[in-house]
Amino acid sequence: MILVSKLMRLASTGSAVVLWGAAMLASSPRAGMPQASPAGRIDFETAVRPILAKNCLECHDQQKRKGGLSLASYGDLLDGGKDGSIVRPGNGAGSLLIRRLLGQVDEQMPKDADPLAAAQIAVVQRWIDEGARLTPSAAPAPPPWEAPLELAPPAVPAVSPPGWTSPIDRLAAAYFQDHGVVAPPPVSDAQFARRVYLDVWGLLPPPDALAAFVADTSPAKREALVARLLADNDLYADHWMSFWNDLLRNEDGYSYFSEQNGRKSITTWLRGALRSNLPYDRFVRDLLDPPADGGPEGFLIGVNWRGETSAAVTPWMQASQNTAQVFLGINLKCNSCHNSFISQWKLKDAYGLAAYFSPTPSLQLYRCDVAQNQFAEPAFLYPQLARAPASASLADRRAAAAATFTDPRNGRLARTLVNRLWQRLLGRGLVLNVDEMDGRPWSPELLDWLAADFVDHGYDVKHLIATILGSRPYQLPAVSRPVDAPAVGFVFTGPELRRLSAEQFADAIGEITGEWSLLAGGGGDGKGTASDSPTSGTYVREYRASSTQLTRALGRPIRDQVTSVRATDFTTLQALELVNGELLTRWLMRGARRMTGQLPPEPRSRFTGTTGGRYASARAFDADVSGAATLWLVVADTGSNAPERVLPEFVDAEFVGSDGTTVPLAALTPVDGSGLRAGGPVRSGRVAVKNGSRLIYNIAGRGLTRFRGNFGLENDRAEIGSTLNPSVRFFVFDAEPNMQRLLPPASGTPLPAPPPVTTIRAVVDRIFHAALGRAPSPQERGAAEAAIADPTRPAVPSADAVADLLWAVLMTPEFQLIF
């Protein structure tokens, strides 16, 4: 009886395997439990298992688990797969397993094989109708996990092991005890500091700060470090911008347009919200009901890059899908076209939510783009929370949606964000799929306690992050998840090993060498047009720079869809970019020279101007060229949809002498005319140039002082507005420019530039301490110092060899992984 009681207590965790074991013992005569009458019920072992084994295990055994589903055991069958439960005890007709076998949902199973005989399906369905029992005399199987809507904080165990003091710690300790997990000691101070610096600021810990933290003997130093990092609003916001940009599809570097709607940046609002730690319920309200002045309207506009090609891609339907996914962990993508095959959500649910954001309050339903002659009014996914709009106006409908999503009774709002942040900080969510919050958490109690505490503290996101970072589960050693780890049967034993993000990788190069990414484009004006900005050409944190082939290979998305979890698998493209990529090679070469004080200053442009976007037009310029002997006129594309079709030109451009005389640009012959477009440079005072060109003019001895006129695009306005979305920059240099760094910054870097290191020993120390947070071993030091010595000047580091050493260290797992 003691063993039965223990298993029944474990069964409260919801493990199907444990429930199976409990049922077996409970049904055993030796357990001393009352026996149920079989009454002719279907027996799983003799009647159901053989059917599944013969027809299903080719794809759904415990090794292959197609769709995360194994049918190899009773426990696996009850656990279900990535789409959730496939068996609803007592309801065979409503079970996904039966619907798949009958072909009622795509695709009919078994796939690529003859359907099961009707008699076989009837046996499986009757077994489910009878309660999906392990044996005819066993108790019915428990119903599948159903995520609750409202929050009910669980009781926190009063007793826990020494050092496990917080409510999270005590709940985790109870979980470990129930699952037979012996928790190891927490990570070292150095490992902890590296984790929290990367998780809060996205930066490596400065060597001096790391050494001071390790030497600190205060028992509360970890909590104090977390508080200090979270208190820096700018560095916190700079890091977390990437997380929210991914989730909210905010991308300044790409614009897509239809006739009426286009992507609109929310960067200014979003960074301000992060800097001020805007309470999350207010954060969500502003996104769903944007203030008229400076609000984040771009979130609801979405990305309409193909135009409204179907009913499911309209901005309001995107708003329906995105709000449900991001804030509630509900996938409405399937049922934006038809009733979902794998969840409870129907076509009308997606349209009802979309009606809060549509131009009109009544939307006709389209099933797979076929009009249904049915109409949806604003309706929330959970009717018990819905608030009727004050009127049919769009403003009132948005306000009603915002109030409903943030209703205090809506526990899914808090649970969903808690789960996303737990996944972000520990590598795996409490619920595995952060976009499907109907999955069973590995600890429902821990999820509910964190969500309730988050709400009790006024939806304070920094408080939530601090609570997680200060917990014992976060501070356990990282564990590696096998590539083929099953989706079910998970037992938490510690944070998962994580890789640096693309932004963390790039910013680390800036920290170590002083060479940061460059902001080459202007800011946005809300219409997709590029505008000159005083910050253009400055060194920036990576999140502000346009994505590159390198950062995309490292996982940075283009953000035309919600990205809740970035792909972290190694890819061929990633290997090529890291091992032989031109971008990284050039970056490390410059970084090595900057770090060792060997990078010469680069020429500054005398004029920089931008044209492009949907509303591109010619723009005037006037540059001082006094004292110049040679001019380089450079045109560079900075992100057009089709750069090869963009036609830049100088219009009525002329030089002005000190005596007031003028010389048209079209009258001069460039030293190198390869940048001129075919057809000749002169056309009614216009000089047509290639998109991506460099023209050189010799003006020595002419006494010219100014260069003025207009620059723009020759393309037809309709072509610009509908397809090209051009983004082009024009430069005037008086010295030969570096074509890879056309905009050297005026001054300043995101962090204070480290002083140059000019000795071999200092270079090795800088790289190891900054990149790895430790001194090199004697063997590492000997090899590194020998490798970077300049053969012609043995006491001086060779910049090329330093770049190689940088690369070698950056490629180590010790650098790229968060342990």
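Residues numbered from 1 in each chain as written. Predicted model: local features only at pLDDT ≥ 70, side-chain atom pairs only at ≥ 80, totals over all residues. Heavy atoms only, no water.

To continue, consider the overall build of the protein. For the protein, the helix and strand inventory stands at 30 helices and 19 strands. For the protein, the share of sequence-separated contacts (at least 6 apart) that also reach a separation of at least 24 residues comes to 69%. Here the protein has roughly 35200 Å² of accessible surface; of this, 54% comes from carbon and sulfur atoms. (Helix = DSSP H or I, 4+ residues; strand = E, 2+ residues; numbered from the N terminus. Contact = heavy atoms within 4.5 Å. Areas by Shrake-Rupley, 256 points an atom, 1.4 Å probe, with all protein chains shown as cover.)

This brings us to the packing of aromatic side chains. Applying the stated criterion to the full structure yields 40 aromatic pairs. Here a set of aromatic residues connected by ring pairs shows up, and it is made of Tyr236, Trp240, Phe243, Trp244, Trp269, Tyr280, Phe283, Phe454 and Tyr459. Here the guanidinium or amino end of Lys221 rests over the ring plane of Phe213, the centre of that ring lying 4.8 Å away. If you follow Arg424 out to its NZ or CZ, it ends over the ring of Trp240, 5.4 Å from the centre. (Phe/Tyr/Trp six-rings, centres within 6.5 Å; stacked < 30°, edge-to-face > 60°. Lys NZ or Arg CZ within 6 Å of the ring centre and 35° of its normal.)

With that settled, consider the pattern of salt bridges. For the structure shown, the criterion picks out 42 salt bridges. Between Asp507 and Arg541 there is a salt bridge, with its nearest N and O atoms 2.7 Å apart. Here the residue Asp507 occupies a position in helix H22 (residues 502-513), and Arg541 occupies one in the loop between strand E7 (539-540) and helix H23 (549-553), the gap between them amounting to 34 residues. The class for Asp507 is buried, based on a relative accessible area of 4%. With its nearest N and O atoms 3.9 Å apart, the salt bridge here joins Asp790 to Arg793. We classify Asp790 as buried; its relative accessible area is 14%. Taking relative accessible area as the criterion, Arg793 reaches 46% and is therefore assigned partly exposed. A cluster of three or more residues bridged by salt bridges with shared partners is formed by Asp246, Glu251, Glu503, Arg556, Arg559 and Arg566. (Salt bridge = Lys/Arg side-chain N within 4 Å of Asp/Glu carboxyl O. Buried < 20%, exposed > 50% of the residue type's maximum accessible area, 1.4 Å probe, protein only.)

Further remarks concern unusual backbone geometry. At the junction of Met109 and Pro110, the peptide bond is cis and its omega measures out at 0 degrees in the coordinates. If you trace the backbone, Pro110 turns up in the loop between helix H6 (96-102) and helix H7 (118-129). Even without being glycine, Asp652 reaches a positive phi, approximately 50 degrees.

Let's shift gears to the sheet that holds strand E8 (residues 605-612). Read from one edge of the open sheet, 4 strands run E8-E16-E10-E14, paired in antiparallel fashion. Either end of the sheet is taken by a strand with one partner, and the two such strands are E8 and strand E14 (693-698). Adjacent strand axes in the sheet meet at a mean angle of 15 degrees when their direction is disregarded. (Pairing = 2+ DSSP bridges. Axes fitted to C-alpha atoms, helices over the stretch in contact; angles between N-to-C directions.)

We now examine the packing of helix H19 (residues 411-426) against helix H21 (residues 461-469). Contact geometry for H19 and H21: axes closest at 11 Å, N-to-C directions at 45 degrees. Here H19 lies oblique to H21, going by the angle between them. For H19 against H21, the interelement crossing comes out right-handed. Across the interface between the two elements, Leu417, Val418, Leu421, Trp422, Leu425 and Leu426 of H19 pack against Val461, Leu464, Ile465, Ile468 and Leu469 of H21. Of the residues assigned to the contact of H19 with H21, the class counts are 11 nonpolar, no polar and no charged. (Parallel < 35°, antiparallel > 145°, perpendicular 65-115°, else oblique. Left-handed = near helix turned anticlockwise from the far one by under 90°. Nonpolar A, V, L, I, M, F, W, Y, C, P; charged D, E, K, R; others polar.)

Attention now goes to the nonpolar core. If you look at the biggest cluster of nonpolar residues, it comprises 115 residues, and the most contacted ones within it are Trp244, Leu248, Tyr280, Phe283, Phe327 and Leu450. Looking at which element gives the most residues to this core, the answer is helix H12 (residues 233-248), with 9 residues. With sequence-adjacent residues up to four places away left out, Trp244 is seen in contact with Arg249, Leu270, Leu274, Tyr280, Phe283 and Leu417. With 37 residues, the next largest nonpolar core counts Leu204, Phe768, Leu810 and Ile818 among its residues. (Core = buried A, V, L, I, M, F, W, Y, C linked by side-chain atoms within 4.5 Å.)

Tracing the chain through its elements places Ala553 in helix H23. Among the residues examined, Ala553 registers a relative accessible area of 8% and is labelled buried. With 51 residues separating them in the primary sequence, Ala553 and Ala502 have C-alpha atoms 8.2 Å apart. Not counting chain neighbours up to four residues away, the residues in contact with Ala553 comprise Thr571, Leu573, Gln574 and Glu577.

Residue-level pLDDT values for the protein average 87, and 88% of them are 70 or greater. Long-range and interchain partners of residues 257-261, a stretch whose pLDDT sits below 50, account for 18 contacts in this model, where long-range means more than four residues apart. Across residues 522-534, confidence stays below pLDDT 50; counting only partners more than four residues off in sequence or on other chains, it has 32 contacts. (pLDDT = per-residue confidence, 0-100.)

So, on to the packing of H22 against helix H25 (residues 582-595). Two numbers describe how H22 lies on H25: the axes approach to 9 Å, and their chain directions differ by 20 degrees. Accordingly, the angle class assigned to the pair H22 and H25 is roughly parallel. Side by side, H22 and H25 meet where Phe505, Ala506, Ile509, Ile512 and Thr513 of the first sit next to Leu584, Trp587, Leu588, Gly591, Arg594 and Met595 of the second. When its residues are assigned to classes, the contact of H22 with H25 shows 8 nonpolar, 2 polar and 1 charged.

As paired elements, strand E17 (residues 789-790) and strand E18 (residues 793-797) share 2 bridges and run antiparallel to each other. Following the sheet pairing, Asp790 is matched in E18 by Arg793. Between the end of E17 and the start of E18, which pair antiparallel, lie 2 residues.

When helix H28 (residues 778-788) is considered as a whole, its buried residues turn out to be Arg781, Ala784 and Ile788. When H28 is viewed along its axis, its buried side chains cluster within an angular range of 75 degrees and face the same direction. Projecting away from the buried face of H28 at angles above 90 degrees are the exposed residues Pro778, Gln779, Ala783 and Ala786. Buried-residue contacts for H28 involve helix H27 (760-772), E17, E18 and helix H29 (799-810). (Arc of directions from axis to C-beta.)

As a further point, take the state of the cysteines. For the structure shown, the criterion picks out 0 disulfides. Unpaired in terms of disulfides, Cys56 finds its nearest cysteine sulfur in Cys59, a separation of 8.8 Å. Cysteine Cys337 is unpaired, with the sulfur of Cys368 as its nearest cysteine sulfur at 5.7 Å. Judged by relative accessible area, which is 29%, Cys337 ranks as partly exposed. (Disulfide = S-S within 2.5 Å.)

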